[in-house]
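Overview (structure and organization)
Spelled out, the chains give:
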Amino acid sequence: MAAALALHQSHSWFAAVRAPLARISISAAFIPAFLAAPKPFSWAIPALPSLLELFPPWLLAVPKKKTSHSRKAMRSANKGLKDKQNLVHCESCGSPKLAHNICPKCYRELNVAWKSQNRSV
């Protein structure tokens with residue numbers, strides 16, 4: 001009946017509920033631990049679990065042996081290659097050849113002719 005009287009007097013149900021809650025003090029049991037007592041700052045790194053727990057095994061792939069200088073050089077030998085820019089057509093036979101060089105097809109014909117002349121002599 002007292003609650004009904006208080007509700008009638010305040011014309012609000014919130015005022016009736018708020019009055020008893022104002023008398024309750026918040027104890028330390030209701031405050032979270034991280035707000036109650038802040039820990040002092042420390043530069044120390046927390047203990048890490050082993051690397052196998054942090055990363056899957058396929059992420060830690062490493063070579064079994066050192067790569068030799070020869071193998072490194074062979075692997076990087078193709079890095080400096082560039083396309084030929086000095087290709088032209090042979091004037092006599094029309095096949096592609098390097099500029100300022102004899103055409104392989106014409107050279108073969110000349111070589112066969114020279115060898116046949118040397119054999120006949």
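This structure is a prediction, so every number in the text was calculated from the model and none was measured.

1. Some words on the overall build of the protein chain
The helix and strand tally for the protein chain stands at 6 helices and 2 strands. Reading the secondary structure of the protein chain in the N-to-C direction produces α-α-α-α-α-β-β-α. Of the contacts formed within the protein chain by residues at least 6 apart in sequence, a portion of 0% connects residues at least 24 apart. Just so you have it, the protein chain exposes about 12,200 Å², and 64% of that area is on carbon and sulfur atoms.

2. Overview of unusual backbone geometry
Unlike most non-glycine residues, histidine 100 shows phi in positive territory, near 65°. Structurally, histidine 100 can be placed in the loop between strand 2 (96–98) and helix 6 (104–120).

3. Points about a nonpolar patch on the surface
Taken together, Ile102, Tyr107, Leu110 and Trp114 make up a surface patch of nonpolar side chains, about 420 Å² in accessible area. Residue placement: tyrosine 107 occurs in helix 6.

4. What to know about a positive patch on the surface
On the surface, Lys66, Lys72, Arg75 and Lys79 cluster together to form a positively charged patch. Judged by relative accessible area, lysine 66 falls into the exposed class, the value being 79%.

5. Examining the environment of histidine 89
Topologically, histidine 89 is positioned in strand 1 (residues 87–89). Residue classification places histidine 89 among the exposed positions, given a relative accessible area of 59%. Spatially, the C-alpha atoms of histidine 89 and cysteine 103 are 8.8 Å apart, while their sequence positions differ by 14 residues. Ignoring sequence-local partners within four residues, the contact set of histidine 89 consists of Gly94, Ser95 and Pro96. Polar side-chain contacts of histidine 89 include one of 3.3 Å to the backbone oxygen of glycine 94.

6. Structural notes on the side chain of lysine 97
Structurally, lysine 97 can be placed in strand 2. Put simply, lysine 97 is tucked away with no salt bridge, and the nearest opposite charge, on glutamate 91, sits 7.1 Å away. One polar contact links the side chain of lysine 97 to the main-chain carbonyl oxygen of asparagine 101, over a distance of 2.8 Å. Aside from chain neighbours lying at most four places away, what touches lysine 97 is Asn86, Leu87, Val88, Cys90, Ile102, Cys103 and Pro104.

How each quantity is defined
Residues numbered from 1 in each chain as written. Predicted model: local features only at pLDDT ≥ 70, side-chain atom pairs only at ≥ 80, totals over all residues. Heavy atoms only, no water. Helix = DSSP H or I, 4+ residues; strand = E, 2+ residues; numbered from the N terminus. Contact = heavy atoms within 4.5 Å. Areas by Shrake-Rupley, 256 points an atom, 1.4 Å probe, with all protein chains shown as cover. Patch = residues over 30% accessible without salt bridge, like charges linked within 9 Å, V, L, I, M, F, W, Y side chains within 5 Å. Salt bridge = Lys/Arg side-chain N within 4 Å of Asp/Glu carboxyl O. Lys, Arg positive; Asp, Glu negative; His and termini not counted. Charge placed at Lys NZ, Arg CZ, Asp CG, Glu CD. Buried < 20%, exposed > 50% of the residue type's maximum accessible area, 1.4 Å probe, protein only. Polar contact = N/O pair within 3.5 Å; in protein donor to acceptor, adjacent residues only side chain to side chain.

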